[in-house]
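This is what each chain is made of:
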Amino acid sequence: MGSRAFKNELYGQFARIGKALSSPNRIEILDLLAQSPRTVESLANELELSMGNASAHLQVLKEGRLVETRKDGLYVEYSLADEGVGDLLQAMRGVAERRLAEIDRLVKAYLGEREEIESIGFDELAARVRAGNVVLLDVRPQPEYEAGHIAGAVSIPAEQLARRLKELPRTKEVVAYCRGPYCVFADEAVKTLRANSRKARRLEGGFPEWRSQRRPIERPIKRPIEQIKKAATRR
């Protein structure tokens, strides 16, 4: 094999990753799988896609070796192939945020100005958790918390927070986090907490960003796929 043939084939293999990432739906699927493993039914419901369309996107991601499957009876669970795929998502988003002004305009148009919602960085949060003077609140859907969460976090999904406020101590500040910087669950949680005279801030970033920095997380024992599927259907 000559040098040119070698390079053509080598970069062709690299391009398989680019092909797999060339669809907005597939990038969103990977973003969801960075939270927790999912069945095709769960992904189709979340993205409002047909089962056939969701399956086709997953097949492309599987051919690109970005996702893996685990079968249990009639159900197939999809997950990221390894932590490097999550790191790739973080890097791609970072480049896009730096190079594409359209992203900043889009975020401001949808999320508005976030200055009124005070945030906290990872280092400060880690110090506050060690000191024991803060409650770390995961407001993602329960199956995502159960698949893995920031060490020490408690789970109250965003839609349940208003009726479960009494579970949180009034004497401590609450730091809420969710799926990432574009997720509104934490923003909504902070607004709910402050409206009820609680001191609260949102975490800058979410669970995937925390994990990508190799900070402490907890991974409970995996549940059977049937339970994951039922939980996703209830949302």
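Here we summarise the structure given alongside this text. All values reported here derive from a predicted model rather than from experimental measurement.

Observations regarding helix α4 (residues 51-63)
Here's step 1: Helix length check: α4 (13 residues) gives 18 Å between terminal C-alpha atoms against 18 Å at 1.5 Å per residue, within 8%.
Here's step 2: Buried within α4 are the following residues: A54, H57, L58 and L61. With its buried residues spanning 100° around the axis, α4 presents them on a single face.
Here's step 3: Elements in contact with the buried residues of α4: α1 (3-20), α2 (24-33), α3 (40-47), β2 (67-72) and β3 (75-80).

Considerations on the packing of α2 against helix α5 (residues 83-99)
Here's step 1: Running from N to C, α2 and α5 point in directions that differ by 125°, and their axes come no closer than 10 Å. By the angle class used here, α2 and α5 are oblique. At the point where α2 passes α5, the crossing takes the left-handed sense. Here I27, L30 and D31 of α2 come into contact with α5, specifically with V85, L89 and M92.
Here's step 2: Residue classes in the contact of α2 with α5 are distributed as five nonpolar, no polar and one charged.

Structural notes on the pairing of strand β5 (residues 134-138)
Here's step 1: Where burial is concerned, most of β5 is hidden: five out of the five residues are buried.
Here's step 2: On β5, burial covers both faces: V134, L136 and D138 on one face and V135 and L137 on the other are all buried.
Here's step 3: As paired strands, β5 and strand β8 (residues 173-177) are joined by five bridges and run parallel to one another. Bridge pairing links V135 to V174 in β8.
Here's step 4: Judged from the two bridges that link them, β5 and strand β7 (residues 154-155) form a sheet pairing that is parallel. Bridge pairing in β7 links D138 to S155.

Cut-offs used in this document
- Residues numbered from 1 in each chain as written.
- Predicted model: local features only at pLDDT ≥ 70, side-chain atom pairs only at ≥ 80, totals over all residues.
- Heavy atoms only, no water.
- Helix = DSSP H or I, 4+ residues; strand = E, 2+ residues; numbered from the N terminus.
- Expected span 1.5 Å × (residues − 1).
- Buried < 20%, exposed > 50% of the residue type's maximum accessible area, 1.4 Å probe, protein only.
- Arc of directions from axis to C-beta.
- Contact = heavy atoms within 4.5 Å.
- Axes fitted to C-alpha atoms, helices over the stretch in contact; angles between N-to-C directions.
- Parallel < 35°, antiparallel > 145°, perpendicular 65-115°, else oblique.
- Left-handed = near helix turned anticlockwise from the far one by under 90°.
- Nonpolar A, V, L, I, M, F, W, Y, C, P; charged D, E, K, R; others polar.
- Pairing = 2+ DSSP bridges.

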